[in-house]
Amino acid sequence: MEKGEPGCLGKVSDFIAGSLERFFYRYGVSLATHPWKYILVCLLVTASCCLGFANFYMESRPERLWIPQDSDYVKTIDWQKENFPNDQRIQMILYEANNVLKAEYVQEMYRLKKKLRAIQVTHRHGRNLTQEDLCYRVPALGGQQQDELRRVKLQLFPDRDPDAPIDWSLAFDKHIYYEFYQMMPTACLEISILEIWGDNDAKIEALTDERVIEEVNTATMSATYAYPLNFTEFLGGIERDSSGLIVRAQSSLTQIFMEINRTDLEVGSMNNDAGLAGEVNQALYDWEGEFIRVLMDETGRPQGLGVYLQAERSFGEISGETILGDVGFLAIGVILLFIYVQLMLGKFNLVETRPVLSVLGLVSVFMAVGISYGLCSALSIPYGPVHSILPLLMLGLGVDDMFVIVQCWHNLSQEEQRAKLQQRMGRALRHAGVAITVTSLTDFAAFTIGATTVLPALQSFCIYSAIGIVALYVLQATFFVAWFTLDQRRLEDHHNGLLWCYKHKEWTPNSCSQKDLCQLFFDRIYSRFLLTTPSKIAVLVVTAGMLGAGIWGVTNLRQEFNPVWFIPQSSYLFQFLSRAQEYYPQAGERGIVYLGALDYPQELYKVGKLMENMRCNQFISSVDSWYDLMADYVNASMGEDITGQPLNKSFFSASLSEFLFSQSGSRFQDYFHFDGNLTIGQPAPTVVASKFDYRHTSLDGSSQQISAMDQTKELVNSAGFSDFAAPIAMMYSSWETDKIIAKELARNLSLAMVAVIIMTLLLLANILASFYVLICVSLTLIDVMALMTWWDLTIDTVSCINLVLCVGLCVDYSVHIALHFLQVRGTKNERVKVTIREMGPPVINGAFSTFLAFILLANSDSHVFLSFFKIFFGVFVFGVFHGLTFLPVLLSLIGPRPYHNAQHETCPDLPSTYQSATLTTKDLEISEHIYAQVPTAAS
């Protein structure tokens, strides 16, 4: 036993620990004296905070969730929404078979095409709308018009091939062509191999397998739109013969273009709810729902043909349903948790069982969740798709606090148990309050640090968590303890544990129910075995081995984030995307370069130079150039070469207008925004924005993806435009995240560890104990991150959030042990034995109860919940090992001295009487004096 006066840090320790213990003693006495008042206050505060739900908002836009708000992607998206709002939504169908180029399969594709055209949805004004009303329309000179135009070609150009394409704007006088253009028919834009035959029922019904193969190899023109198409682009898994002709294909892709009605958006817009949002009017959203329903119906489908689909609404709908659907797993987990808590808190008899207290303890957890959601909503902090795991986090922390409080109650000595109920509750809370304060403040500090991240989803989640932890701490120390007091009154008056109004007369507990097997295990078996020399050596060797393997695993942990992971693997959308990636790997990410209000006549040559430089880049496979087509058209129409030079403003306006109404340029009308209306036969108004498309090569891994994105940005930035210019692609949101996620993770974890060492040092007031806690947290983090490598997880936003949670949970396991070790005297082995005996049960119960809450998530299809399960499984295994095995061994060997005012442990071998909390005569006199000053509560 150490002697002597405490040093400077010891005095700080005495002051902090003493102040906290005195506060919690008084608070416990007051709670036990006025339980109903405190319960009512807790309920009123919770109800008041829940009023904030009126301002609840679920953020679904990817640019507001997964990437920094000062990133190029967000800036470009914001500019695009203002200057180039997206008016198209593309629905996709993938057909798969051993050979899709069979007549019966092509006929099935056509049958489904007609079935989709027959879909009707109701507009908000009551009229029925079909695909014809909702689709994106383009000029269509195929079908009967194509036959008529062929006859015209033969008459006007008898020396030309009548099937060869011709630009009618060059063949006719402009006035004649413009009259013809205004009468030109339009059709819904739908691209697939069916365009070989168009809407010709007779041709498609008469197809044979040989005819399909022949026409796939020879067709070059769309039968509906009468412009060239490369039909091999819509085939996957192609097999060719020795002459290069296609003989078989395993898949065929169909794209259906629909148009957003922005007039309807003024009334209301739909957004998906899982992080990839897009505006859409209600009628189109309903049509997409019917599109999914029709294609999922396999009735009458030929054997061997698989149909897979992607609607624009699919991602958000499936992701949201999966996350919300897995709440059912959470509900079952809560039931399992209740059963376990009831078994651990109470005893196996009708009076000492505590089902009501168990329920109310869990209720306090959900009250904390309600306070967190309500306050954050009131503060306009958005709710994201990963916030669904917050109740699980709160359950883990809340149940741990419950077990610590109840265990400290059971740890009261026989002398203390003879005191009045108010005094007993004060003395139990005196020790429990300090323990849960240390862990709660450390968790709060870790999440407060996490809230400084630049990742919006992580920032929002950490704010929700930090507020929830504070609310949980207050409720467990108040609401739960108040109910605990009432339940203890009920128990001591021999009332039934479930039916409090029923009193058992002449009740005596059965002997079996008085045995605490968990405590007996830690006292008689575990602590004695762990503190033997061979066991200590084995623990140190195993820990070192785990550290070595963990470091190797962490070095192999890769960073990658993809919003597609929010899609469950059993969903139709995941099946579509996996097959699309398999059959069309050559189709790299499609991007768009947006250009603002440039001086287009003077800077047009810069646009051409940029397109040329992009084609030369190793990561860009193609550029869809309106500039090149416009230059060719102007050269053919006016005999002027406009490449590489500034243009006269009036010449540019006239040339651009003619090009955009030509057969080759009409599809680019939507690629420009004008300060006015584009009118046929009139010079184009001033261009205020434009765009062009490009496509990346197939990129392998985040390193290539980030390089491709950065080089494309550099090409655009170096072009020297006078106004806004930026490239963007859908996956740039993920690549932007990949670019900074590793740094953010390292930053957040480092700051969280700093918070851990500061808070534990402040509250434990012992450098060595705080350092040991930090070691345990660090070792747990290393092992968990290594487990991520072996369990096929990557560094992404979800795992980043979970690792911050990991810090919070594994701190609890170590801090409880370290704190209690400092609170008792004796040899190091004796102090460890007492610590394990008294704090082992609440630590293992808290950890195992948390494990029960999320164990069912192992069957989840949600990336959020599945990642949560995998990482928290690691936290449970490695956190408990380091907290209950490695740390006790370390403390038994080189543990710090106890607090100067720590109590003597005089009876270390008595499992039912714990002397570490025994008060001196002076302490009892002070307690009585304090209690005498507290008014007695009404019964």
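Residues numbered from 1 in each chain as written. Predicted model: local features only at pLDDT ≥ 70, side-chain atom pairs only at ≥ 80, totals over all residues. Heavy atoms only, no water.

S.K.: Can you tell me about the overall build of the protein chain, naming the residues and giving the values?
M.R.: Within the protein chain, the secondary structure is distributed over 31 helices and 16 strands. Put simply, the protein chain has 939 residues, and 58% of those count as buried. The long-range fraction of contacts in the protein chain, counting pairs at least 24 apart against all pairs at least 6 apart in sequence, stands at 78%. Counting every atom, the protein chain has about 38,600 Å² of accessible surface; 57% of that belongs to carbon and sulfur. (Helix = DSSP H or I, 4+ residues; strand = E, 2+ residues; numbered from the N terminus. Buried < 20%, exposed > 50% of the residue type's maximum accessible area, 1.4 Å probe, protein only. Contact = heavy atoms within 4.5 Å. Areas by Shrake-Rupley, 256 points an atom, 1.4 Å probe, with all protein chains shown as cover.)

S.K.: Can you lay out a nonpolar patch on the surface for me, pointing to particular residues and giving the numbers?
M.R.: A cluster of nonpolar side chains, contributed by Ile332, Ile335, Leu336, Ile339, Leu343, Met344 and Phe348, occupies part of the molecular surface with about 620 Å² of accessible area. Tracing the backbone through its elements, the reader meets Ile339 in helix 14 (residues 327-345). (Patch = residues over 30% accessible without salt bridge, like charges linked within 9 Å, V, L, I, M, F, W, Y side chains within 5 Å. Salt bridge = Lys/Arg side-chain N within 4 Å of Asp/Glu carboxyl O.)

S.K.: How would you summarise the environment of Ile592 if you had to cite specific residues and measurements?
M.R.: As for its placement among the helices and strands, Ile592 is situated in strand 12 (residues 590-595). Along the chain, Ile592 and Phe692 lie 100 residues apart, while their C-alpha atoms are 5.7 Å from each other. Beyond its immediate sequence surroundings of up to four residues, Ile592 is in contact with Lys691, Phe692, Asp693, Tyr694, Ala726, Pro727 and Ile728.

S.K.: Mind laying out the nonpolar core, listing which residues take part and the relevant values?
M.R.: Proteins that are soluble and globular tend to have nonpolar side chains buried together. In terms of nonpolar packing, the biggest core is built from 210 residues, with Trp626 and Phe692 touching the most fellow members. With 19 residues, helix 18 (residues 456-492) is the single largest residue contributor to this core. The residues touching Trp626, leaving out its near neighbours within four places in the chain, are Leu604, Val607, Met611, Phe659, Phe668, Tyr671, Phe672, Ser690, Lys691 and Phe692. Among the nonpolar cores identified, the runner-up in size contains 63 residues, and Tyr110, Ala187, Leu235 and Trp287 belong to it. (Core = buried A, V, L, I, M, F, W, Y, C linked by side-chain atoms within 4.5 Å.)

S.K.: Describe the side chain of Ser364, listing the residues and the values that go with them.
M.R.: Along the chain, Ser364 turns up in helix 15 (residues 355-378). Relative accessible area serves as the criterion here: at 0%, Ser364 is assigned to the buried category. When near neighbours in sequence (up to four residues on either side) are disregarded, Ser364 contacts Leu472, Leu475, Gln476 and Phe479.

S.K.: So, the state of the cysteines: which residues are in play, and what are the values?
M.R.: Applying the stated criterion to the full structure yields one disulfide. There is no disulfide at Cys806, and the cysteine sulfur nearest it, in Cys810, is 4.3 Å away. We classify Cys806 as buried; its relative accessible area is 0%. (Disulfide = S-S within 2.5 Å.)

S.K.: For the packing of helix 29 (residues 828-854) against helix 30 (residues 863-894), give the residues involved together with the corresponding values.
M.R.: For any two helices packed against each other, one specifies the crossing angle of their axes together with the interaxial distance. Following both chains from N to C, one finds helix 29 and helix 30 inclined at 175°, their axes separated by 10 Å at the closest point. On the basis of their axis angle, the class for helix 29 and helix 30 is roughly antiparallel. Of helix 30, the residues touching helix 29 (which contributes Lys828, Asn829, Val832, Ile836, Gly840, Val843, Ile844, Ala847, Phe848, Phe851 and Phe854) are Phe868, Phe869, Phe872, Phe873, Phe876, Val880, Leu884, Pro888, Leu891, Ser892, Leu893 and Ile894. Per-class residue counts for the contact of helix 29 with helix 30 are 19 nonpolar, three polar and one charged. (Axes fitted to C-alpha atoms, helices over the stretch in contact; angles between N-to-C directions. Parallel < 35°, antiparallel > 145°, perpendicular 65-115°, else oblique. Nonpolar A, V, L, I, M, F, W, Y, C, P; charged D, E, K, R; others polar.)

S.K.: Go over the pairing of strand 15 (residues 687-696) with me, naming the residues and quoting the values.
M.R.: Extensive coverage of strand 15 is indicated by the burial of eight of its 10 residues. As paired strands, strand 12 and strand 15 are joined by six bridges and run antiparallel to one another. In the sheet register, Gly591 faces strand 15, and the bridge partner there is Tyr694. For strand 13 (residues 620-624) and strand 15, the ladder comprises four bridges, and the chain directions are antiparallel. Within strand 15, the position partnered with Asp624 by the bridge is Asp693. Pairing of strand 14 (residues 672-674) with strand 15, which is carried by three bridges, proceeds in the antiparallel orientation. Its bridge partner lying in strand 15, His673 is registered against Ala689. (Pairing = 2+ DSSP bridges.)

S.K.: Before we move on, can you summarise the pattern of salt bridges with the specific residues and values?
M.R.: A full pass over the atoms with the stated rule returns 26 salt bridges. Between Arg89 and Glu288 there is a salt bridge, and its shortest N-O distance comes to 2.7 Å. With Arg89 in strand 1 (residues 88-96) and Glu288 in helix 12 (residues 282-296), this pair connects stretches of sequence that are 199 residues apart. Across the pair, Glu288 and Arg89 agree in class, each one buried. One salt bridge in this structure joins Asp693 and Arg590, with 3.2 Å as the shortest N-O distance. Within this pair, whereas Asp693 is found in strand 15, its partner Arg590 is found in strand 12, the two being separated by 103 residues in sequence. Overall, Arg590 belongs to the partly exposed group, its relative accessible area being 41%.

S.K.: Now, about empty space enclosed by the protein: what can you tell me, with residues and values included?
M.R.: Where empty space is left becomes clear once a probe the size of a water molecule has been rolled over the atoms. Counted according to the given criterion, the structure contains six cavities of 30 Å³ or more. For the second largest cavity, the calculated volume is near 50 Å³. Forming the walls of the second largest cavity are Leu397, Asp401, Thr439, Ser440, Asp443, Ile469, Leu472, Tyr473 and Asp812. Of all the secondary structure elements, the ones that give two or more residues to the lining of the second largest cavity are helix 16 (390-410), helix 17 (421-450) and helix 18. (1 Å grid on protein atoms, 1.4 Å probe; cavity = no way out; pocket = protein on both sides within 12 Å on 5 of 7 lines; lining within 4 Å. Points joined across faces, edges and corners; volume = space filled by probe spheres on them.)

S.K.: Describe the pairing of strand 10 (residues 251-259), with residues and values.
M.R.: The element strand 10 is largely enclosed, with a buried count of seven among its nine residues. Here nine bridges tie strand 1 to strand 10, and the two strands are oriented antiparallel to one another. In the sheet register, Ile93 faces strand 10, and the bridge partner there is Thr254.

S.K.: Give a detailed account of the packing of helix 26 (residues 732-764) against helix 28 (residues 797-822), specifying residues and quantitative values.
M.R.: Across the interface, helix 26 lies against helix 28 with an axial gap of 10 Å and an inter-helix angle of 15°. Classified by the interaxial angle, the pair formed by helix 26 and helix 28 is roughly parallel. For helix 26 against helix 28, the interelement crossing comes out right-handed. Across the interface between the two elements, Thr737, Ile741, Leu745, Asn748, Leu749, Ala752, Val756, Thr760 and Leu764 from helix 26 touch Thr797, Cys800, Leu803, Val804, Val807, Val811, Val815, Ala818, Leu819 and Leu822 from helix 28. For the contact of helix 26 with helix 28, the per-class residue count stands at 15 nonpolar, four polar and no charged. (Left-handed = near helix turned anticlockwise from the far one by under 90°.)

S.K.: Quick rundown of the packing of aromatic side chains? Include the residues and the values.
M.R.: The description of an aromatic ring pair rests on the distance of the ring centres and on the angle between the ring planes. If you walk through the whole model with that rule in mind, you get 37 aromatic pairs. Aromatic pair Phe84 and Tyr594: ring centres 5.6 Å apart, planes at 45°, arrangement tilted. Here Phe84 is found in the loop between helix 3 (72-83) and strand 1, whereas its partner Tyr594 is found in strand 12, with 510 residues between them in sequence. Under the relative-accessibility criterion, Tyr594 is labelled buried at 5%. (Phe/Tyr/Trp six-rings, centres within 6.5 Å; stacked < 30°, edge-to-face > 60°.)

S.K.: Explain unusual backbone geometry to me, and be specific about the residues and the numbers.
M.R.: Of note, the phi angle at Ser380 is positive, near 65°, even though the residue is not glycine. With respect to the helices and strands, Ser380 occurs in the loop between helix 15 and helix 16. Overall, the relative accessible area of 53% leaves Ser380 in the exposed class. Phi at His494 is positive, roughly 60°, even though this residue is not glycine. When you line up the elements, His494 lands in the loop between helix 18 and helix 19 (517-530). Judged by its relative accessible area of 26%, His494 is partly exposed.

S.K.: I'd love a proper account of helix 23 (residues 626-638), names of residues and values included.
M.R.: Helix length check: helix 23 (13 residues) gives 17 Å between terminal C-alpha atoms against 18 Å at 1.5 Å per residue, within 8%. Here helix 23 has its buried residues at Trp626, Tyr627, Met630, Ala631, Tyr633 and Val634. Down the axis of helix 23, the buried side of the element spans an arc of 165°, and every buried residue falls inside it. Facing away from the buried side of helix 23 by over 90 degrees, the exposed positions are Asp632 and Ala636. Its side-chain oxygen placed 3.3 Å from the backbone nitrogen of Tyr627, Ser625 serves as the N-cap of helix 23. (Expected span 1.5 Å × (residues − 1). Arc of directions from axis to C-beta. Polar contact = N/O pair within 3.5 Å; in protein donor to acceptor, adjacent residues only side chain to side chain.)

S.K.: I'd like a description of the side chain of Ser770, backed by residues and values.
M.R.: Residue position: Ser770 is located in helix 27 (residues 767-790). Under the relative-accessibility criterion, Ser770 is labelled buried at 0%. From its side chain, Ser770 meets the backbone oxygen of Thr760 in a polar contact 3.3 Å long. Those residues in contact with Ser770, other than ones at most four positions away along the chain, are Ile757, Thr760, Leu761 and Leu764.

S.K.: Report on the confidence of the model for the protein chain, specifying residues and quantitative values.
M.R.: Per-residue confidence for the protein chain averages 83 on the pLDDT scale, and 87% of its residues sit at or above 70. Confidence over residues 906-939 falls short of pLDDT 50; this stretch has 72 contacts with residues more than four positions distant or in other chains. (pLDDT = per-residue confidence, 0-100.)

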